[in-house]
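Here is how the chains run, residue by residue.
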Amino acid sequence: CASRTNMISSLSALPNLNNPDGTTDASLEDISERMRGKHVALYFAAGWCPMCTSFEPSLLKFREASISSGKNVEIIYVPSDRQAADVVKRTSSMNMLSVPIGEEADAMKTRFKIWAGAESGKLGTGRRSGVPALVVLDPKGDEMAFLAAESKGAKALGDWPLDDSGLW
């Protein structure tokens, strides 16, 4: 099935991405290879957010369990952190690609209507969720599922569609 074997087409819907160490030298081919055969999700969060940091052990455990069961996922961090160094610290520890802090991250937040309450002065009040939250993308880079981790915590991971036939 195309959506399970190739997520390359979703890259056109994403901004440039940083490597987990914060470098931007990853080529489109490298990123495409990293995402090949995986379900891709955007993870909206911030290191200063206690709900985010308490949710992350469950998210990382979920990612490891899905990989172990052959249902690979790639999680891309969309930061609400205040400094790029904070993003690098978090993505390095979680081994996640990230959307660059600033305009590119803000564009993803407004596209999916997810941002921290602290960002409402900059991004407005028309959000559907704060952080943490996840958006699982379909092969075209459009939203397949919304995981309301802010309100549901780790239970939100049960809403993640891991294959074409339903939920894992």
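Residues numbered from 1 in each chain as written. Predicted model: local features only at pLDDT ≥ 70, side-chain atom pairs only at ≥ 80, totals over all residues. Heavy atoms only, no water.

## As for the overall build of the chain
So the rule is basically this: Secondary structure counts use DSSP, requiring at least four H or I residues in a row for a helix and at least two E residues in a row for a strand, with both numbered from the N terminus. A simple rule labels every residue: compare its accessible area, found with a 1.4 Å probe on the protein chains alone, to the largest value its type can have, and call it buried under 20%, exposed over 50%, or partly exposed in between. The criterion used for residue contact is that any of the two residues' heavy atoms lie within 4.5 Å. Working definition of accessibility: Shrake-Rupley area with a 1.4 Å probe, residue cover restricted to the visible protein chains.
What the chain contains, in helices and strands, is seven helices and five strands. Along the chain, helices (α) and strands (β) appear in the sequence α-α-β-α-β-α-β-α-α-β-β-α when read from the amino end. Taking all 168 residues of the chain together, the buried fraction comes to 48%. Long-range contacts, defined here as pairs at least 24 residues apart, represent 61% of the contacts in the chain between residues at least 6 apart. For the chain, the exposed surface amounts to about 7800 Å²; the carbon and sulfur share of it is 51%.

## A few points about the packing of aromatic side chains
Rules: Two aromatic rings from Phe, Tyr or Trp, using only the six-membered ring of Trp, form a pair when their centres are within 6.5 Å; if the ring planes differ by under 30 degrees the pair is stacked, by over 60 it is edge-to-face, and anything between is tilted. In our convention, an over-ring charge means Lys NZ or Arg CZ found within 6 Å of a ring centre and within 35 degrees of that ring's normal.
Counted by the stated rule, this structure contains four aromatic pairs. Where Tyr43 meets Tyr77, the ring centres are 6.0 Å apart and the plane angle is 50 degrees; that geometry is what we call tilted. Of this pair, Tyr43 sits in strand E1 (residues 39-45) while Tyr77 sits in strand E2 (residues 73-79), placing them 34 residues apart in sequence. Like Tyr77, Tyr43 is buried. Aromatic pair Phe44 and Phe112: ring centres 6.3 Å apart, planes at 65 degrees, arrangement edge-to-face. On the criterion of sequence distance, the pair formed by Phe44 in strand E1 and Phe112 in helix H5 (residues 103-112) is long-range, its members being 68 residues apart. Here Phe44 and Phe112 have matching classes, each one buried. Ring pairing ties together the aromatic residues Tyr43, Phe55 and Tyr77, which thus form one cluster. It is Arg82 that lies over the ring of Trp48; its NZ or CZ is 4.4 Å from the centre. Lying across the ring of Phe146, Arg128 places its NZ or CZ 4.2 Å from the centre.

## A look at the pattern of salt bridges
Two side chains bearing opposite charge may form a pair once their charged atoms approach each other closely. The line we're drawing: What makes a salt bridge here is a side-chain nitrogen of Lys or Arg within 4 Å of a carboxyl oxygen of Asp or Glu, nothing more.
Taken as a whole and assessed by the stated rule, the structure comprises nine salt bridges. In this structure, the salt-bridge partner of Lys109 is Glu119, at a minimum N-O distance of 2.5 Å. Of the two residues, Lys109 is situated in helix H5 and Glu119 in the loop between H5 and helix H6 (120-123); the sequence distance between them amounts to ten residues. Note on accessibility: Lys109 and Glu119 belong to one class, buried. Here the residues in one salt-bridge network are Asp106, Lys109, Glu119 and Lys122, joined through shared partners.

## Brief notes about the sheet that holds E1
The strands making up a sheet associate through hydrogen bonds between their backbones, and the pairing can be parallel or antiparallel. Stated formally: If DSSP finds at least two bridges between two strands, the strands pair.
Ordered in space as E3-E2-E1-E4-E5, the five strands form an open sheet in which the pairing is mixed. Across the chains shown, the open sheet's two edge strands, defined by having one partner strand only, are strand E3 (97-98) and strand E5 (143-147). Bridge count for E1 against strand E4 (residues 133-137) is four bridges, and the pairing is antiparallel. Paired with Ala41 across the strands is Val136, a residue of E4.

## A look at the nonpolar core
So the rule is basically this: In these notes, a set of buried Ala, Val, Leu, Ile, Met, Phe, Trp, Tyr and Cys residues joined through side-chain atoms within 4.5 Å is what counts as a nonpolar core.
In terms of nonpolar packing, the biggest core is built from 43 residues, with Leu42, Tyr43, Ile76, Leu134 and Trp160 touching the most fellow members. Secondary-structure elements contributing two or more residues to this core are helix H2 (28-35), E1, helix H3 (50-68), E2, helix H4 (84-94), H5, E4 and E5. Of all the elements, E1 adds the most residues to this core, at six residues.

## Notes on H4
Our working definition: The arc in question is the one spanned by the directions pointing from the helix axis to the C-beta atoms.
Within the span of H4, buried status applies to Val87, Arg90, Thr91 and Met94. Projected down its long axis, H4 shows its buried positions confined to an angular sector of 95 degrees, all on one face. Across from the buried face of H4, at angles greater than 90 degrees, the exposed residues are Ala85, Lys89 and Ser93. Backbone geometry just downstream of H4 places Asn95 in the positive-phi region, at approximately 50 degrees.

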